[in-house]
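Residue-level structural notes
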Amino acid sequence: MTPAAQLARFAQSASPPEASLQIMRLSLADWVTVGRAGQSEPVAEITRQLVLGEGGQGHASLFGDPTPQPPRAAALANGTISHALDYDDTHFAHIGHPSVAVLPAALAIAETEGASGSDFLAAALIGVEASIRVGLWLGRSHYQAGFHQTATAGAFGATLAAAKLMQLTEAQTETALNLVATRASGLKSQFGAMGKPYNAGIAASNGVECAQLARLGITAAPDGMASAQGFGPTHHGIDDIAPLRPDGTWHFDQISHKFHACCHGTHAALEAFAGIVPELSGDIEQVQITTHPRWLSVCDIKSPRSGLEVKFSYAHTAAMALTGLSTAALDSFSDEVATDPRLQALAKRVTVIADEGMAETASTVRVHTTTGIVETSHDLATPISLQDLTQKLVAKSEALLGKQNAQELWNTVNNGAEPAKIGALLRGSAGM
């Protein structure tokens, strides 16, 4: 059975468990939070102008604008806008951001089709699960070659979520997946630039487009994903079919949410610094961060030139953490912070060490001061209870949106997650 056939069958037969749906609700609320918080970013303004300039028959909501837009265009803008702050969830199994690729597509189609909240959530969960499994099918070689899996694997998840909500047949869904194989794209070279959040929008838009084309009767190569010149072989995939076979496991349950407004690769180190900063005394002479080598091609910009590049700099974010500058606050990642002489000087004392034996979710930090050495480690994979995670995400929403707006958002998500009401929150017409 081809990869597309496996995924199409998964979409038809999957029955998401309530525990996974509850985590999906958390990610949905977090996605709306970071999208609303990022809707005034320059890249948000640019993509919104693009969409509004095109016009068209509108059914789908757009972050920060009251006018409904065509679903494909809304998915493009909303995916870009919600990834603008790089503050959205991550799944380390395939090193990608599932929600920003899949939820914009799912919401755009759910609004257009008049889907229920339960159908919307189930389709979104199936889509993000599929994107993670496609990431595992492609393997680390795909990511290391320079492809951004949020955009590449995410496009397949967005397609599946859209197809599910459009009630495409299994054959139509398979066609949509084989078709998006020729559309899925996105490069890591865009990290630190507006092109990175745009990658998420591309994935969401591609998913909507290919599902719509499949319903209209387009044809596609019978194995666009894995044939000799298909997506996997041409994009450095390892072609491990096992993750695509339904096995009762929901990989999405291991999703990791962000509590620092920067690349997730820096978060384990930042959490470790948070644990030792109160213990530090004397002047800092040297700092060492030990991490998995995979992150060195992602977030090891030595001398960031902008606030965006700071988000991908171990050295600069370490300097921020060690001097008490919040890495959770959005305004901490400014061009002024990037060029701050004090932070630049401290960042030059930071050395990043690669260790193949370290988990991708972990980091060890070692700080040398004039009075001694302090060392500690943190692993983002350390389990956290659903209650504690919920509390942290609610607090994040309140910090970014204000308490009243956050309460309205969480009430909407927890009371049915109706697409029309979620759309109203994006447009800002429900009190936000």
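The model shown is predicted, which means the values in this text are computed figures rather than measured ones.

Turning our attention to the packing of helix α2 (residues 18-37) against helix α6 (residues 117-138). Relative orientation of the contacting elements α2 and α6 amounts to 90°, with a least axis distance of 10 Å. By the angle between their axes, α2 is roughly perpendicular relative to α6. For the pair α2 and α6, contact is made by Ser 20, Leu 21, Met 24, Arg 25 and Leu 28 and by Phe 120, Leu 121, Ala 122, Ala 124, Leu 125 and Val 128, respectively. The residue inventory of the contact of α2 with α6, partitioned by class, reads nine nonpolar, one polar and one charged.

Right, let's get into the packing of helix α5 (residues 98-113) against helix α19 (residues 419-427). Running from N to C, α5 and α19 cross one another at 120°; their axes reach a closest spacing of 9 Å. As the angle between them shows, α5 and α19 are arranged oblique. In this structure, α5 meets α19 at a crossing whose hand is left-handed. Only Pro 419, Ile 422, Gly 423, Leu 426 and Arg 427 of α19 make contact with α5, whose side of the interface consists of Leu 107, Ala 110 and Glu 111. Looking at the contact of α5 with α19, its residues break down into five nonpolar, one polar and two charged.

This part takes up the pattern of salt bridges. On inspection of all chains with the given rule, the structure shows 16 salt bridges. Between Glu 360 and Arg 294 there is a salt bridge, with its nearest N and O atoms 2.1 Å apart. Of this pair, Glu 360 sits in the loop between β4 (350-354) and β5 (362-369) while Arg 294 sits in the loop between β3 (284-291) and α13 (307-310), placing them 66 residues apart in sequence. In this structure, a network of salt bridges that share partners links the residues Arg 72, Arg 183 and Glu 209.

As a further point, take the packing of aromatic side chains. Counted under the stated rule, the structure contains five aromatic pairs. Arranged with centres 5.7 Å apart and planes meeting at 45°, the rings of Phe 10 and Trp 250 form a pair that is tilted. One end of the pair, Phe 10, is in helix α1 (residues 3-13); the other, Trp 250, is in the loop between α11 (231-234) and α12 (267-276), and 240 residues separate them in sequence. Judged on exposure class, the residue Phe 10 and its partner Trp 250 are both buried.

This paragraph deals with the pairing of β3. For β3, the buried fraction is high: six of the eight residues fall into the buried class. Both β3 and β4 contribute to a ladder of five bridges, which runs parallel. When the bridges of β4 are listed, Thr 290 appears paired with Ile 353.

Right, let's get into the side chain of Ser 27. Locating Ser 27 in the fold gives a position in helix α2. Among the polar contacts made by the side chain of Ser 27, one reaches the side chain of His 257 at a distance of 2.9 Å. Apart from residues lying up to four places away in sequence, Ser 27 is in contact with Asp 89, Ser 99, Leu 103, Phe 252, Ile 255 and His 257.

For the rest of this paragraph, the subject is the side chain of Arg 25. By secondary structure assignment, the location of Arg 25 is in helix α2. Apart from the residues lying within four places of it in its own chain, the contact partners of Arg 25 are Glu 18, Leu 121, Val 413 and Asn 414.

Parameters at a glance
- Residues numbered from 1 in each chain as written.
- Predicted model: local features only at pLDDT ≥ 70, side-chain atom pairs only at ≥ 80, totals over all residues.
- Heavy atoms only, no water.
- Axes fitted to C-alpha atoms, helices over the stretch in contact; angles between N-to-C directions.
- Helix = DSSP H or I, 4+ residues; strand = E, 2+ residues; numbered from the N terminus.
- Parallel < 35°, antiparallel > 145°, perpendicular 65-115°, else oblique.
- Contact = heavy atoms within 4.5 Å.
- Nonpolar A, V, L, I, M, F, W, Y, C, P; charged D, E, K, R; others polar.
- Left-handed = near helix turned anticlockwise from the far one by under 90°.
- Salt bridge = Lys/Arg side-chain N within 4 Å of Asp/Glu carboxyl O.
- Phe/Tyr/Trp six-rings, centres within 6.5 Å; stacked < 30°, edge-to-face > 60°.
- Buried < 20%, exposed > 50% of the residue type's maximum accessible area, 1.4 Å probe, protein only.
- Pairing = 2+ DSSP bridges.
- Polar contact = N/O pair within 3.5 Å; in protein donor to acceptor, adjacent residues only side chain to side chain.

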